[in-house]
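Understanding the architecture of this molecule
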Amino acid sequence: MQYPPVAVIGAGSWGTALAIQYARAGSEVRLWGRDTAQLAAMTGARCNERYLPEGPFPDRLRAVVSLEEALDSIDEVLVSVPSHGLRQTLQLLKEKRPDGLRVAWATKGLELSTGKLPHEVVGEVLGADAGPFAVLSGPTFAKELARGLPTALTVGSADREFAGNIAARISDPAFRAYTSDDIVGVEVGGAIKNIMAIGAGISDGLGFGANARVALITRALSEMTRFGVARGARQETFMGLAGMGDLVLTCTDNQSRNRRMGLALAAGKTIEEAEAEIAQVVEGVLAARAVRDAASELELEMPITEQIYRVLYEGVKPIDAFHALMQRAPGAEFN
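Owing to the predicted nature of the structure, the values given are computational and were not obtained by experimental measurement.

Comments concerning the overall build of the protein
For the protein, the helix and strand inventory stands at 15 helices and eight strands. Taking 2.2 N^0.38 as the reference for a compact globule, 335 residues should give roughly 20 Å; the C-alpha atoms of the protein span a radius of gyration of 19 Å, in line with that estimate. Principal axes of the C-alpha set define a box for the protein whose edges measure 60 × 40 × 35 Å. Pairs at least 24 residues apart make up 72% of the contacts formed inside the protein by residues separated by at least 6 positions. Per element, the accessible surface of the protein, about 14500 Å² overall, is 50% carbon and sulfur. The average position of the 34 basic charges and that of the 41 acidic charges among the side chains of the protein differ by 3 Å.

Quick look at the structure:
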């Protein structure tokens, strides 16, 4: 099937990897970001040497330096920017937006100042009736996707036809997309797993072993589900790719920037030192604050999130945060 061109807004590692996959699966793709010099370099090198040198560009993918050129004759756009830049990017897109444009995003996290999920920010900026809208999320590392290694993710949308269309046009023999109409659940999973990966990195960095890691992941899934259901998600969503799948991946592999942040904190490094080493946005740092504040408003108990927040923002030592978790009163596993 021949699909119309798609624009990918955001030329970091994840946006580039998704642009590569769209092109690999048969779509003409235009990749745009704010850094004109970087886009020009990508045009010459036919890869994103800064963030994703492992992924050579397919013939159908080209980087463009003008947002107008990226959106010309486009009816579908994928936004892939960090959560703290989503609103500004959407406002820019709104100014240039062609009529009938369908919008998807691969942003993971809550808006720090408001606690809103990405779809709420999208609806607020573009208009709730301007859809259809969709989110892409799941257990995916950009480097592996760029290399064409087997991968699966979830496309969440209230519009089943739009979700199915995205799933079809992005899938190929090495990439499988599933659909869900639980957009809240898909987004919550993508936001909270980053916080928990910091905790898993801390646990492993302190030498606590496999027992502790699995206990943390299991209880993290409980917190994720509790938060999601309180925001209107369905419980079963968190047993899927965008919930448990993304959580396990991010907590257990050192490709995860959030896990590496936890390892660095356990080694006594500051957040600033860790971020300088990682050299990319660590979403879990901001998400810990946003989710902790949102949980407080909802009167939800999220002890792992609370302790990671205290390590990041109140100067609590990682070992003390661990002791605080282990010294909580015993309780029922399921309430």
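What to know about the packing of helix α14 (residues 303-313) against helix α15 (residues 318-326)
Running from N to C, α14 and α15 point in directions that differ by 160°, and their axes come no closer than 9 Å. Of the possible angle classes, the one that applies to α14 and α15 is roughly antiparallel. Crossing geometry of α14 relative to α15 is assigned as right-handed. Of the residues in α15, those in contact with Pro 303, Ile 304, Gln 307 and Val 311 of α14 are Pro 318, Ala 321, Ala 324 and Leu 325. Residue classes in the contact of α14 with α15 are distributed as seven nonpolar, one polar and no charged.

Topic: the sheet that holds strand β7 (residues 151-156)
Reading across the sheet, the eight strands line up as β3-β2-β1-β4-β5-β6-β7-β8 and stay open at both edges, with mixed pairing between neighbours. Strand pairing shows two members of the sheet lacking a second neighbour, β3 (61-63) and β8 (175-180), which therefore form its edges. Across the sheet, the mean angle from the axis of one strand to that of its neighbour is 25°, orientation sign disregarded. Most of the contacts of helix α5 (residues 118-126) go to strand β5 (residues 102-105), to which it runs at about 150°, and overall it touches β5 and β6 (133-137). Sitting on the sheet, helix α10 (residues 241-252) touches β6, β7 and β8, and the angle it makes with β7 is about 140°.

Conventions adopted
Residues numbered from 1 in each chain as written. Predicted model: local features only at pLDDT ≥ 70, side-chain atom pairs only at ≥ 80, totals over all residues. Heavy atoms only, no water. Helix = DSSP H or I, 4+ residues; strand = E, 2+ residues; numbered from the N terminus. Rg over C-alpha atoms; globule rule 2.2 N^0.38 Å. Contact = heavy atoms within 4.5 Å. Areas by Shrake-Rupley, 256 points an atom, 1.4 Å probe, with all protein chains shown as cover. Lys, Arg positive; Asp, Glu negative; His and termini not counted. Charge placed at Lys NZ, Arg CZ, Asp CG, Glu CD. Axes fitted to C-alpha atoms, helices over the stretch in contact; angles between N-to-C directions. Parallel < 35°, antiparallel > 145°, perpendicular 65-115°, else oblique. Left-handed = near helix turned anticlockwise from the far one by under 90°. Nonpolar A, V, L, I, M, F, W, Y, C, P; charged D, E, K, R; others polar. Pairing = 2+ DSSP bridges.

All quantities given are derived from atomic positions and should not be read as evidence of function.
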